[in-house]
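Observations on the three-dimensional arrangement
What follows is each chain in one-letter form.
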Amino acid sequence: GAVVSQHPSWVICKSGTSVKIECRSLDFQATTMFWYRQFPKQSLMLMATSNEGSKATYEQGVEKDKFLINHASLTLSTLTVTSAHPEDSSFYICSARDPSGYEQFFGPGTRLTVL
Amino acid sequence: GENVEQHPSTLSVQEGDSAVIKCTYSDSASNYFPWYKQELGKRPQLIIDIRSNVGEKKDQRIAVTLNKTAKHFSLHITETQPEDSAVYFCAAVPGGGGNKLTFGTGTQLKVEL
């Protein structure tokens, strides 16, 4: 199957700083990528849909100015958590859809801890 | 928007028994229903999926059934093994394009020796 990578796998930062997470599709082009957040023992919640060459579409309740998404190429989407606070500590996972079908391929996730 | 409910939240079975996890969805236009297995700290892994034009699909010990009229779908694992222990999520993709996945709340499956 297709491969999606994510970097970094974990990050610890101080409150008030910004953190950038990268999501790459390694062997296919992804016009659409998705960003999810998962708190401990909870489900994956879709934050936004990242569209190559255009603005991201955010889910209700997700602050677009806090979670900046850039999808500048067909293989790379980035999520920047701006002015991070401890409540932003979570597992962030991206996915990209196989262009030939329905299946979505997930990145390995990024564990963000904000002190 | 789509709402997916999943039951039970925890399930404990003896090795060799079967496990069944059930989900319901709200959007009658949803057309794709994947099931994922997630181990602690790892990415979700697709284990089986079904499209809305099919009622049942099987892959070795895993099967999924879909009842479009009732808007439910279920995961069946037979001959469970300790390595089946994980959290399982159902999901649905609403019709109308976009391919957004709406996940169920998850089921922690524990297979005991």
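Read on for a plain summary of the structure. (Residues numbered from 1 in each chain as written. Chains lettered and ligands numbered in written order. Predicted model: local features only at pLDDT ≥ 70, side-chain atom pairs only at ≥ 80, totals over all residues. Heavy atoms only, no water.)

1. Observations concerning the sheet that holds strand β7 (residues 67-73) of chain A
Residues and elements named next belong to chain A. Taken together, four strands build an open sheet; the order of strands is β1-β3-β8-β7 and the sheet is antiparallel. Edge positions in the sheet fall to β1 (4-7) and β7, since each of these pairs with one other strand and no more. Strand-to-strand twist of the sheet, defined as the mean angle between neighbouring strand axes without regard to direction, takes the value 15 degrees. In this sheet, strand β3 (residues 19-25) lies alongside β1 in antiparallel orientation, the contact comprising four bridges. Across the sheet, V4 pairs through a bridge with S25, a residue of β3. (Pairing = 2+ DSSP bridges. Helix = DSSP H or I, 4+ residues; strand = E, 2+ residues; numbered from the N terminus. Axes fitted to C-alpha atoms, helices over the stretch in contact; angles between N-to-C directions.)

2. Here's the deal with unusual backbone geometry
Cis rather than trans, the peptide bond between H7 of chain A and P8 of chain A has omega equal to 0 degrees. Relative to the elements of secondary structure, P8 of chain A occurs in the loop between β1 and β2 (10-13). Backbone torsion omega between H7 of chain B and P8 of chain B reads -5 degrees, so that peptide bond is classified as cis. Tracing the chain through its elements places P8 of chain B in the loop between β1 (4-7) and β2 (10-14).

3. Notes on the environment of S73 of chain A
Residue and element names in this part refer to chain A. As for its placement among the helices and strands, S73 is situated in strand β7. Judged by its relative accessible area of 27%, S73 is partly exposed. For S73 and F39, which are 34 residues apart along the polypeptide, the C-alpha to C-alpha distance reads 29 Å. In this structure the side chain of S73 is engaged in a polar contact, spanning 3.3 Å, whose partner is the backbone nitrogen of L76. (Buried < 20%, exposed > 50% of the residue type's maximum accessible area, 1.4 Å probe, protein only. Polar contact = N/O pair within 3.5 Å; in protein donor to acceptor, adjacent residues only side chain to side chain.)

4. Some words on the pairing of β3 of chain A
Residue and element names in this part refer to chain A. Across the two faces of β3 the burial differs, with V19, I21, C23 and S25 buried and K20, E22 and R24 not buried at all. Relative to strand β8 (residues 76-81), β3 runs antiparallel, the two sharing six bridges. Each bridged residue has a counterpart across the sheet, and for E22 the counterpart in β8 is T78.

5. Quick notes on the sheet that holds strand β8 (residues 72-77) of chain B
Residue and element names in this part refer to chain B. Here we have five strands laid out as an open sheet, ordered β1-β3-β8-β7-β6, and antiparallel in their pairing. Two strands close off the open sheet at either side, each with one partner strand: β1 and β6 (56-59). Strand-to-strand, the axes of this sheet are offset by a mean angle of 15 degrees, without reference to chain direction. In this structure, β6 lies alongside strand β7 (residues 62-67), joined through four bridges in antiparallel fashion. Paired with E56 across the bridge in β7 is T65.

6. A look at the nonpolar core
Counting residues in hydrophobic clusters, the biggest one holds 25 residues, and the most contacted among them are V4, W35, F67, L79, Y92 and L112 of chain A. Secondary-structure elements contributing two or more residues to this core are β2, β3, β4 (32-38), β5 (45-51), β7, β8, β9 (90-97) and β11 (110-114) of chain A. Membership of the second largest hydrophobic core comes to 23 residues, among which are I21, Y25, F33 and A86 of chain B. (Core = buried A, V, L, I, M, F, W, Y, C linked by side-chain atoms within 4.5 Å.)

7. What about the environment of W10 of chain A?
All names here are of chain A. Take W10: it is sitting in strand β2. Residues W10 and I21 lie 11 residues apart in sequence; the distance between their C-alpha atoms is 9.5 Å. Once residues within four sequence positions are removed from consideration, W10 is found in contact with T110 and R111. (Contact = heavy atoms within 4.5 Å.)

8. Quick word on the side chain of R37 of chain A
Residue and element names in this part refer to chain A. By secondary structure assignment, the location of R37 is in strand β4. It is D88 that comes nearest to the buried, bridge-free R37 among opposite-charge side chains, at 4.5 Å. Excluding anything up to four places from it in sequence, R37 contacts S43, L44, M45, M47, F67, S90, F91 and Y92. (Lys, Arg positive; Asp, Glu negative; His and termini not counted. Salt bridge = Lys/Arg side-chain N within 4 Å of Asp/Glu carboxyl O.)

Nothing here speaks to function; it is geometry throughout.
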